[in-house]
Amino acid sequence: MKWDIKRRTFLRGAAGAMMPLPFLNLMEASAKEVGGGVAKPPLRFVTLFKPNGVHPPSWNINEGSEQDFRMSPLMKPFAKHKDDLIILDNMGDFGFSSHANSTRRFLSGHHANRKAASMDQLIADKIGKGTAHRSLELTTEGLFPNQVGCSYISYDHKGDPIPRESDPQLVFDRLFRNPMSHPEKRKQMGSLLDRVSDDAKSLARSAGREDQETLDEYLTVVRETEKRLENIKKQPASKIDFSSLKRPESAANLDEQVTAMIDLIALALWTDSSRCITYMLGNSNSRMIFDFLGVKEQHHYLSHFFRNFSRENIDGLLKISLWHMEKFDYLLTRLKSYKDQNGRLLDHCVVLYGSGMGHSDNHTATRIPMVIAGQGGGMLKTGRYLRYAKNQQVGKLHLSLLKKFGVETDSFAESSTALPGLDGSYFEPFKEKQFDRWIKKEGGGQFAIQGRLRMSDNLDEAKVFYIDVADQQSVRIEVTFNDFHRFNLAYHTGTPITLRGNGSDQGGQILINKVTELKSLFGKRPGSQDG
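Scope of this entry: the structure provided in the associated data block. (Residues numbered from 1 in each chain as written. Predicted model: local features only at pLDDT ≥ 70, side-chain atom pairs only at ≥ 80, totals over all residues. Heavy atoms only, no water.)

## Concerning the packing of aromatic side chains
Inference 1: According to the stated counting rule, one finds 16 aromatic pairs in the structure shown.
Inference 2: Centroid distance F290 to F292: 5.9 Å. Interplanar angle 45 degrees. Geometry classified as tilted.
Inference 3: Judged by centre distance (5.7 Å) and plane angle (70 degrees), the rings of F292 and W323 are edge-to-face. Here the residue F292 occupies a position in the loop between β6 (276-280) and α10 (299-303), and W323 occupies one in helix α11 (residues 311-337), the gap between them amounting to 31 residues.
Inference 4: On the basis of relative accessible area, F292 is assigned to the partly exposed category, the value being 25%.
Inference 5: Residue classification places W323 among the buried positions, given a relative accessible area of 2%.
Inference 6: Taken together, the ring pairs connect F306, F465, F481 and F484 into an aromatic cluster.
Inference 7: A cation over a ring is seen here: K82 above F69, with NZ or CZ 4.3 Å from the ring centre. (Phe/Tyr/Trp six-rings, centres within 6.5 Å; stacked < 30°, edge-to-face > 60°. Helix = DSSP H or I, 4+ residues; strand = E, 2+ residues; numbered from the N terminus. Buried < 20%, exposed > 50% of the residue type's maximum accessible area, 1.4 Å probe, protein only. Lys NZ or Arg CZ within 6 Å of the ring centre and 35° of its normal.)

## As for the layout of surface pockets
Inference 1: When its volume is computed, the largest pocket comes out at roughly 950 Å³.
Inference 2: Surrounding the largest pocket, 33 residues form its lining, N60, I61, N62, E63 and R387 being those nearest its centre.
Inference 3: Here the element with the most residues in the lining of the largest pocket is strand β11 (residues 446-455); it accounts for four residues.
Inference 4: Broken down by class, the residue content of the lining of the largest pocket amounts to twelve nonpolar, ten polar and eleven charged.
Inference 5: Estimated volume of the second largest pocket: approximately 730 Å³.
Inference 6: In this structure, the second largest pocket is lined by 31 residues; those nearest its centre are A389, K390, N391, F430 and T495.
Inference 7: It is strand β9 (residues 384-392) that contributes the most residues to the lining of the second largest pocket, four residues altogether.
Inference 8: When residues of the lining of the second largest pocket are assigned to domains, at least three fall in each of domain 1 (8-177 + 245-404) and domain 3 (438-520). (1 Å grid on protein atoms, 1.4 Å probe; cavity = no way out; pocket = protein on both sides within 12 Å on 5 of 7 lines; lining within 4 Å. Points joined across faces, edges and corners; volume = space filled by probe spheres on them. Nonpolar A, V, L, I, M, F, W, Y, C, P; charged D, E, K, R; others polar. Domains from an automatic or database assignment.)

## Some details on the sheet that holds strand β5 (residues 136-139)
Strand-to-strand pairing in sheets goes through backbone hydrogen bonds, with the strands running parallel or antiparallel.
Inference 1: The sheet built from seven strands is open, its strands ordered β5-β6-β3-β7-β8-β4-β9 with mixed pairing. A strand with exactly one partner marks an edge of an open sheet, and here the two such strands are β5 and β9. Ignoring which end each strand starts from, the neighbouring axes of this sheet average 15 degrees apart.
Inference 2: Looking at chain direction, β5 and β6 are connected through four bridges and run parallel. Directly across from T139, in β6, lies its bridge partner M280.
Inference 3: Lying on the sheet, helix α3 (residues 99-108) is in contact with β3 (44-49), β6, β7 (349-354) and β8 (370-373); it crosses β3 at an angle near 160 degrees. (Pairing = 2+ DSSP bridges. Axes fitted to C-alpha atoms, helices over the stretch in contact; angles between N-to-C directions. Contact = heavy atoms within 4.5 Å.)

## Looking at the nonpolar core
Inference 1: One finds W59, Y279, F328, L335, V351, I467 and L499 to be the most contacted residues of the largest nonpolar core, which totals 82 residues.
Inference 2: Per-element tally for this core: the top contributor is helix α9 (residues 254-270), with eleven residues.
Inference 3: Not counting residues within four places of it along the chain, the set of residues in contact with Y279 comprises T47, L48, F49, L138, T139, T140, V258, M261, I262 and I265.
Inference 4: One finds F106, C276, M280 and I368 within the second-largest nonpolar core, a separate group that totals 34 residues. (Core = buried A, V, L, I, M, F, W, Y, C linked by side-chain atoms within 4.5 Å.)

## With respect to empty space enclosed by the protein
Inference 1: Following the criterion strictly, the structure yields two cavities of 30 Å³ or more and no others.
Inference 2: Here the largest cavity is characterised by a volume of approximately 60 Å³.
Inference 3: Lining the largest cavity, in full, are W59, N60, I61, M75, I87, L88, D89, R367, I368, P369 and Y385.
Inference 4: A per-element tally of the lining of the largest cavity places strand β4 (residues 85-91) first, with three residues.
Inference 5: Taken together, the residues of the lining of the largest cavity break down into eight nonpolar, one polar and two charged.
Inference 6: By volume, the second largest cavity is sized at about 40 Å³.
Inference 7: E137, L138, Y152, I153, S154, I162, R164, T278 and M280 together form the lining of the second largest cavity.
Inference 8: Residue assignment for the lining of the second largest cavity shows that the elements contributing at least two residues are β5 and β6.
Inference 9: Its residues placed into classes, the lining of the second largest cavity shows five nonpolar, two polar and two charged.

## Re the pattern of salt bridges
Inference 1: Applying the stated rule across the entire model yields 26 salt bridges.
Inference 2: As a salt-bridge pair, K327 and D255 come within 2.8 Å of each other at their nearest N and O atoms. Placement of K327 in helix α11 and of D255 in helix α9 is noted, with a sequence separation of 72 residues between them.
Inference 3: Residues participating in the shared-partner salt-bridge network are E432, R437, R452, R454 and D468. (Salt bridge = Lys/Arg side-chain N within 4 Å of Asp/Glu carboxyl O.)

## Focus on the packing of helix α5 (residues 168-176) against α9
Pairs of packed helices are described in terms of their axes, by the angle between the two and the distance that separates them.
Inference 1: Between α5 and α9, the shortest axis-to-axis distance is 10 Å and the interhelical angle comes to 15 degrees. By the angle between their directions, the pair α5 and α9 is classed as roughly parallel. Seen along the crossing, α5 lies across α9 with a hand that is left-handed. Listed contacts from α9 to P168, V171, F172, L175 and F176 of α5 are Q257, A260, M261, L264, L267 and A268.
Inference 2: Among the residues forming the contact of α5 with α9, the class breakdown is ten nonpolar, one polar and no charged. (Parallel < 35°, antiparallel > 145°, perpendicular 65-115°, else oblique. Left-handed = near helix turned anticlockwise from the far one by under 90°.)

The values reported here are purely geometric and, on their own, carry no functional implication.
Printed below as a string of structure tokens:
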């Protein structure tokens, strides 16, 4: 007897239980029938939003070419996925970005794009039809009431924010339990696998060896995920000491919460329950405290590492950033572990990881961290570092991805040109222009310097900048936050500038402690707050 089943086959059990399946060989015939003789796995789109920008010296790749580059310290947790990545650089534009604007920018291209759908929703319209869940919008924390815009990255076709879900148990119910069941019946329900066991056994008897192995792996993963969620649910509530108003140590569950949510994301994609998922690892302007990492201060406070500098604070910020990277690594590892028709699940995904701002303290809207993982069924060429010659509006990236997912549009946000290079096509790479480097003493404690500005890569000097000049010791810059912000030093790092300021000669090294003028040799003027 010849068996073949449809791609959207469910295991069914008592109490209305329904569980979707991953792709099996038994579905090959129906997949070919639908695909006109060629069985193609569906494409998926996933985003992970990282709040509060980055510490640039730890994130930025400042040397290397498209094919030959060394990943930065903050990228080490996912360095093993290098061949599956496209690392983008010089994304963004000039100026300042508020926290709310950075969340809007992440998937809407520009902060002013407020009356249209975010790009994930346009992609969901294209690839999400027929799935149980057209899209999933997930987060790790609740609303930030002082600035609600910090809490959303996904917007509907009117530009209104789409509610997010932070509870993995509720997400699990949406994915794998009949939504029509009354909430009071949840306590009476046993294991999902027990309720569909008869259907599963019947399918296993008709499946070939490879399908049996896939089915067994799938059932094991679902059981492990359900146990993980049940363990989180059973954990006792923290005891709050109101007399001292000491914050309870409840954040230890955050790591397990995020891990469980990522497990569910991978399962939702593998079972084709949803093909478009957005996940916020935190609100932009996140106030979360990562005490399970030994960090005592709020993430947002630590992100302002210039104005709140201490070695302990910078170490805390980097611990949080590394944790974010580890979760990205975990997601990619899960997606690579699942077989999806003719390859790994990741091969048929596009995963966008990043933020909406660059420098976390000065909120720059340039060198915004953006990483793409997965080849999207062959439409992207991975294993590359793309540093563009000029700043690229994030909307160009969105427009390029929209087109590759088959969304018919000539523009997105303020961009009418798609970002080149994602598929291996030509792009203009960054090449530093030639410029003169010099130091001039102008009298009265005034100095003029021309050279490349950079931040110190010494974590004990997170407030210190240097200007590299020819055949001389680099000029050291230690200024107040007022100068740092007014002249937008963070924006100009890595680029040639002319700077004038008050200072002194400290045994052969010029120390500048007051900036009076700063000009970019090739970029825009400092001080524009257009983000």
